[in-house]
Amino acid sequence: MTTKKKELILKGIPASPGINVGKVFLFGREQYVIPRRGIREDQIPNEVKRFKDALLQTKNEIVEIKKRISEEMGAEHGQIFSAHLLVIDDSMLIEEVVSRLKKDKLSIEYIFQDVIRRYIKVFLEMDDEYLRERISDINDVGRRILKNLIGAKEDVLSNLKEKVIVVAYDLSPSDTATMHKKNVTAFVTDIGGRTSHTAIMAKSLEIPAVVGLESLTKKVETGDTIIVDGTHGIVVLNPSAKTLKKYEVDKERITAIEKHLLELKDLPSVTLDGKTIELAANIEVPEDVLSVIAHGAAGIGLYRTEFFYMNRRDIPTEEEQFKAYSAVARRIKPASVIIRTLDIGGDKFLSQLDVPQQMNPFLGWRAIRFCLARPDIFKAQLRAILRASSYGKLKMMYPMISGVEELRQANAMLEDVKKDLKKESIPFDEGMEVGAMIEVPSAAITSDILAKEVDFFSIGTNDLIQYSLAVDRVNEKIAYLYEPAHPAVLRLIKTVIESAHNAGIWVGMCGEMAGDIAMALILLGLGLDEFSASPIAIPEIKRIIRSVTLRQAKEIAQESMLLSTGKEVEKYAKKRLKEIVPDLALEVD
Ligand code: PEP
Ligand code: MG
């Protein structure tokens, strides 16, 4: 499978893990060419009728997609299409189209396209991020209505006859939905971030995906060969025979290992010398519980609740949250789930919550800082969590704690809510464990103080690394500085674990580092009690835990702490891991 075109290796943002090789299908948003066609006065009623028919047909299509997606992927994903239905029912839009039709006497498709373009232009100029985000909804629905007006056949993604890798500038939720379980083996987009809906959906589809490749669509043609490595966020266009071979071997190895690893599903995560380690998984939406169970995790160590607040205009009610939290608690029981209270801000921007634009969003008004300032929102969530606690084994933790005062304030609000519930005779688990995430260096450094006032710690390395090394976690330009193995990071982690154990509480880790196999032996040796990683990382971590003694891991951690740079630590840790588990998919240089 050699190709004369030059090999091109591009780095994007990993959105969904795995490797696939295939032929490119360049998915363009075809622009319909609509001629400016005049109509007679007596044709107006028929044009209005055609418009109304197209609206109805579009509405039926969207209701159908919404239903299918809710069934296959969960109500949370189906929710996106509610925004599309709002666009169709927008009476201002409909009235404007009809009145322009009567005035200009041009074909309905021409008028409609013109009105939609104007809408998009107005939205583009708006300051409100939420409204600007709605452009993709208007675009998506507008194209669908236009397609039905001119009777075009589209939905190419659901009619693919052979297996392809989709390359697109962007994919709308309905595009991603139509490709579900079809012939799409991976996808790649020019725009998008880790937390974009496209990325979230890719994970649920369990196909590799890389986003944020900037201008890939300008470099490829349909039929080109492409490799998508969703684990590392790498795309290779027109790979040489040598590269192809390398990735094919990697893919085969990964598939074989995955199969083998899944056989560990029902075995405990215990070291060779008998130390049991809690191995839990991270989830974004309640439907992810299925994947947690399928990969053999013993519970949920981080349930990120902010996804609940995304893609909607309103704030989720206490009742709605209660239903979701209690459903997760019921499904995962007797194992436990740790619900992380709302962590918006940073790169998770939600304009319905009125968070202003900030110069340094990651250092700004986010997470617990926002919640303490908005007790209305925070207490509704706390009530929902407490109420759900009587349906399974629930624990709760606060994000972004930077010192003990914040922790006390949050706990005071929790006590208020508990009092209210008692007054209302609403049952909850009075012994529910409450923990703090340790993701700010000040919290790590004062972890001895914090440890006296919580039931557990969970180290959020995604943020802890960015704050301690001063490296923006979403900036690709400085990604080389983002080093989990950096001695500063390891020292902070060691401090946190020691503080926890001195105070007699347990300590886990829920940042991506917990799923990084190269770091697993060091973390184990430092005394981490719980690892919580994305479900697909669980089998490998379990395998490592089951292959080593705690004594060996301690010795590796001690050696690592003596090294001077992140690179040295990583190299050493990988070398030792390779000796202990030789057939792991691990590059050691
Ligand atoms: C972290 O910071 O490590 C973490 C788990 O939280 P998030 O990635 O949601 O910021
Ligand atoms: Mg965090």
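Our subject in this report is the structure included herewith. Treat the numbers as computed from the prediction; the structure is a model and nothing was measured.

Another aspect to go through is the site of ligand 1. In the region of ligand 1, 15 residues are neighbours, and Arg304, Arg340, Glu439, Asn462 and Arg473 sit closest. In the environment of ligand 1, an oxygen atom lies 3.0 Å from a nitrogen or oxygen atom belonging to the backbone of aspartate 463. Taking arginine 473, its side chain carries an N or O atom lying 2.7 Å from an oxygen atom of ligand 1. Coverage of ligand 1 by the protein chains reaches 99% of its 290 Å² of free accessible surface. Among the elements that take part in the shell around ligand 1, helix H18 (residues 461-468) stands out by supplying 3 residues, more than any other. For the shell around ligand 1, the class distribution of residues is 3 nonpolar, 4 polar and 8 charged.

The next subject is helix H22 (residues 550-561). Over its 12 residues, H22 extends 16 Å from the first C-alpha to the last, a length consistent with the 16 Å expected when each residue adds 1.5 Å. Along H22, the residues that are buried comprise Leu550, Ala553, Ile556, Ala557, Ser560 and Met561. Buried residues of H22 fall within an arc of 135° about the axis and therefore sit on the same side. Exposed residues lying more than 90 degrees from the buried face of H22 are Arg551 and Gln558. Tucked into the core, H22 has its buried residues touching helix H19 (487-502), helix H20 (517-526) and helix H23 (566-580).

Here we take up the pairing of strand S13 (residues 433-438). In terms of residue burial, S13 counts as a mostly covered element, since 5 of its 6 residues are buried. In this structure, strand S12 (residues 393-398) lies alongside S13, joined through 4 bridges in parallel fashion. Bridge pairing in S13 places tyrosine 398 opposite alanine 436. In this fold, S12 hands off to helix H15 (residues 404-423), which returns the chain to S13; that crossover is right-handed. As defined by bridge partners, S13 adjoins strand S14 (residues 456-459) across 4 bridges and the pair is classed as parallel. Opposite isoleucine 438, over in S14, you have isoleucine 459 as the bridge partner.

The strand order around the closed barrel built from 8 strands is S9-S10-S11-S12-S13-S14-S15-S16, with neighbouring strands paired in parallel fashion. Recorded for the sheet is a direction-independent mean angle of 25° between the axes of neighbouring strands. Sheet analysis places strand S9 (residues 278-283) next to strand S10 (residues 299-304), joined by 3 bridges and oriented parallel. Paired with alanine 281 across the bridge in S10 is isoleucine 300.

Glancing now at the packing of H18 against H19. At their nearest, the axes of H18 and H19 sit 10 Å apart, and the two run at 125° to each other. With respect to H19, the axis of H18 lies oblique. Regarding H18 and H19, the two cross each other, and that crossing is right-handed. Contacts between H18 and H19 involve Thr461, Leu464, Ile465 and Ser468 from the first element and Val489, Leu492 and Ile493 from the second.

To continue, consider the packing of helix H12 (residues 318-332) against helix H14 (residues 375-388). Between H12 and H14, whose axes approach to 8 Å, the crossing angle comes to 35°. Note that H12 runs across H14; the crossing there is right-handed. Mapping the contact onto sequence places Glu318, Glu319, Gln321, Phe322, Tyr325, Ser326 and Ala329 in H12 and Ala380, Gln381, Arg383, Ala384, Ile385, Arg387 and Ala388 in H14. Grouping the amino acids of the contact of H12 with H14 by side-chain chemistry returns 7 nonpolar, 3 polar and 4 charged.

Rules and cut-offs
Residues numbered from 1 in each chain as written. Chains lettered and ligands numbered in written order. Predicted model: local features only at pLDDT ≥ 70, side-chain atom pairs only at ≥ 80, totals over all residues. Heavy atoms only, no water. Near = heavy atom within 4 Å. Polar contact = N/O pair within 3.5 Å; in protein donor to acceptor, adjacent residues only side chain to side chain. Areas by Shrake-Rupley, 256 points an atom, 1.4 Å probe, with all protein chains shown as cover. Helix = DSSP H or I, 4+ residues; strand = E, 2+ residues; numbered from the N terminus. Nonpolar A, V, L, I, M, F, W, Y, C, P; charged D, E, K, R; others polar. Expected span 1.5 Å × (residues − 1). Buried < 20%, exposed > 50% of the residue type's maximum accessible area, 1.4 Å probe, protein only. Arc of directions from axis to C-beta. Contact = heavy atoms within 4.5 Å. Pairing = 2+ DSSP bridges. Right-handed = clockwise from strand over helix to strand, strands pointing away. Axes fitted to C-alpha atoms, helices over the stretch in contact; angles between N-to-C directions. Parallel < 35°, antiparallel > 145°, perpendicular 65-115°, else oblique. Left-handed = near helix turned anticlockwise from the far one by under 90°.

That is the geometry; function is a separate question.
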